[in-house]
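Report on the structure
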Amino acid sequence: MEDRYSPREPQSSPALIRSAPFFEGLPEATVEKATAHVVMRSHPSGQVILLENDWGSSVYFILDGWVKIRTYNLDGKEVTLNILGKGELFGEMAPLDEVPRSTDVITLAPTVIGNMPAQDFVQLIHTEPTAGIRLAQLMARRLRQVNRRLRLRESDSTSRVADILLFLAEGQGKRSQKGVEIPNLPHRELSSLSGLARETVTRVLNKLEKKELIVRDRDILCIPDMHALERLLV
């Protein structure tokens with residue numbers, strides 16, 4: 001099964017998909033050809049976009065919103081592997097390996113996604129060296145993020161929650177006059193990312209807020225000073 005989307009589609013905008021960071025600096029004619037068959041769709045929060053073991057007929061570009069990458073451990077417990085936002089892509093591995101999907105992808109907010117046919121993406125990688133380098137850089141960055149989180153698995157709870165916030169800020173944060181802003185995610189998502197109990201995550205967030213290392217609004221969590229938060233890592 002593939003493409004578990006709502007049938008409602010936003011108005012097509014070629015400029016929107018071509019503005020994705022992945023295409024930055026690529027020849028205009030190449031980008032135009034690669035994105036000729038991209039279809040943009042709007043998804044509500046909580047929508048399943050992909051399921052593990054689906055076959056990879058598309059690569060997905062997030063044009064607005066947020067998704068989580070999910071799998072399950074041997075005990076059947078949900079594990080959030082990553083959270084991706086605007087400008088990111090996902091689903092690129094299955095078409096390249098010609099194997100089924102290895103994770104689920106679910107929206108965390110109303111999200112607009114550009115679906116690129118897998119054969120067009122593979123053709124782009126094969127014919128445009130810059131696109132291949134960009135994909136390699138993307139995979140290297142995600143591997144570094146995973147390695148960093150694994151190293152912190154034995155650290156105290158404060159370090160682990162701080163690292164997850166920094167991880168999200170570095171990947172998806174938006175700079176404002178107040179600091180770096182990220183979505184104020186449900187504590188269960190931060191729990192799954194950090195491997196800590198939800199109650200522990202709540203306690204640490206409250207402590208960080210009292211120390212003014214984070215500022216929380218209904219939808220936004222702001223980090224006023226990234227370096228101050230980094231100093232908590234041990």
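Source: prediction; values computed, not measured.

**Thoughts on the overall build of the chain**
Along the chain, the regular secondary structure elements total 9 helices and 12 strands. Computed over the C-alpha atoms, the radius of gyration of the chain is 18 Å, within 12% of the 17 Å expected from 2.2 N^0.38 for a compact globule of 234 residues. Each principal axis of the C-alpha distribution contributes one length, and for the chain these read about 50 × 45 × 35 Å. In the chain, buried positions account for 48% of the 234 residues. Relative to all contacts within the chain whose residues are 6 or more apart in sequence, the contacts with residues 24 or more apart total 74%. Counting every atom, the chain has about 12400 Å² of accessible surface; 52% of that belongs to carbon and sulfur. Counting 31 positive and 31 negative side-chain charges, the chain places the averaged centre of each group 5 Å from the other.

**Regarding the sheet that holds strand E8 (residues 111-117)**
Strands sit in the order E1-E8-E3-E6 across an open sheet of 4 strands; the sheet is antiparallel. Every other strand in the sheet has two partners, leaving strand E1 (39-43) and strand E6 (89-90) as the edge strands with one partner each. Across 6 bridges, strand E3 (residues 58-64) lies against E8 in antiparallel orientation. Paired with serine 58 across the strands is proline 117, a residue of E8. Running at roughly 70° to E8, helix H4 (residues 118-127) makes contact with E3, E6 and E8 of the sheet.

**A look at helix H7 (residues 187-194)**
A large share of H7 lies buried, amounting to 6 of its 8 residues. The inward-facing, buried residues of H7 abut strand E4 (66-72), strand E5 (78-85), helix H5 (129-151), helix H6 (157-172) and helix H8 (198-210).

**With respect to H8**
Look at H8: 19 Å from first C-alpha to last across 13 residues, which is about the 18 Å you get at 1.5 Å a residue. Turning to H8, its buried residues number three or more, namely Thr200, Val201, Val204, Leu205 and Leu208. Buried residues along H8 cover an arc of 130° about the axis, so they all sit on one side. Opposite the packed face of H8, turned more than 90 degrees from it, sit the exposed residues Glu199, Arg203 and Lys210. Buried residues belonging to H8 abut H6, H7, strand E11 (215-216) and helix H9 (226-230). Just downstream of H8, glutamate 212 is the residue with a positive phi angle, here 60°.

**Here we look at the sheet that holds strand E9 (residues 174-176)**
Spatially, E9-E10-E12-E11 is the arrangement adopted by the 4 strands of the open sheet, whose pairing is antiparallel. The open sheet terminates on both sides in strands that have one partner only, identified here as E9 and E11. As defined by bridge partners, E9 adjoins strand E10 (residues 179-183) across 3 bridges and the pair is classed as antiparallel. Looking at E10, one finds that serine 176 is bridged to glycine 179.

**Some thoughts on the UniProt feature "domain: HTH crp-type" (unreviewed entry) in the chain**
The UniProt record annotates "domain: HTH crp-type" (unreviewed entry) at residues 155-227. Each end of residues 155-227 is marked by a C-alpha atom, and these two atoms are 18 Å apart; helix forms 53% of the span and strand 19%.

Thresholds applied
Residues numbered from 1 in each chain as written. Predicted model: local features only at pLDDT ≥ 70, side-chain atom pairs only at ≥ 80, totals over all residues. Heavy atoms only, no water. Helix = DSSP H or I, 4+ residues; strand = E, 2+ residues; numbered from the N terminus. Rg over C-alpha atoms; globule rule 2.2 N^0.38 Å. Buried < 20%, exposed > 50% of the residue type's maximum accessible area, 1.4 Å probe, protein only. Contact = heavy atoms within 4.5 Å. Areas by Shrake-Rupley, 256 points an atom, 1.4 Å probe, with all protein chains shown as cover. Lys, Arg positive; Asp, Glu negative; His and termini not counted. Charge placed at Lys NZ, Arg CZ, Asp CG, Glu CD. Pairing = 2+ DSSP bridges. Axes fitted to C-alpha atoms, helices over the stretch in contact; angles between N-to-C directions. Expected span 1.5 Å × (residues − 1). Arc of directions from axis to C-beta. UniProt positions renumbered as here; feature names shortened; annotations may be inferred.

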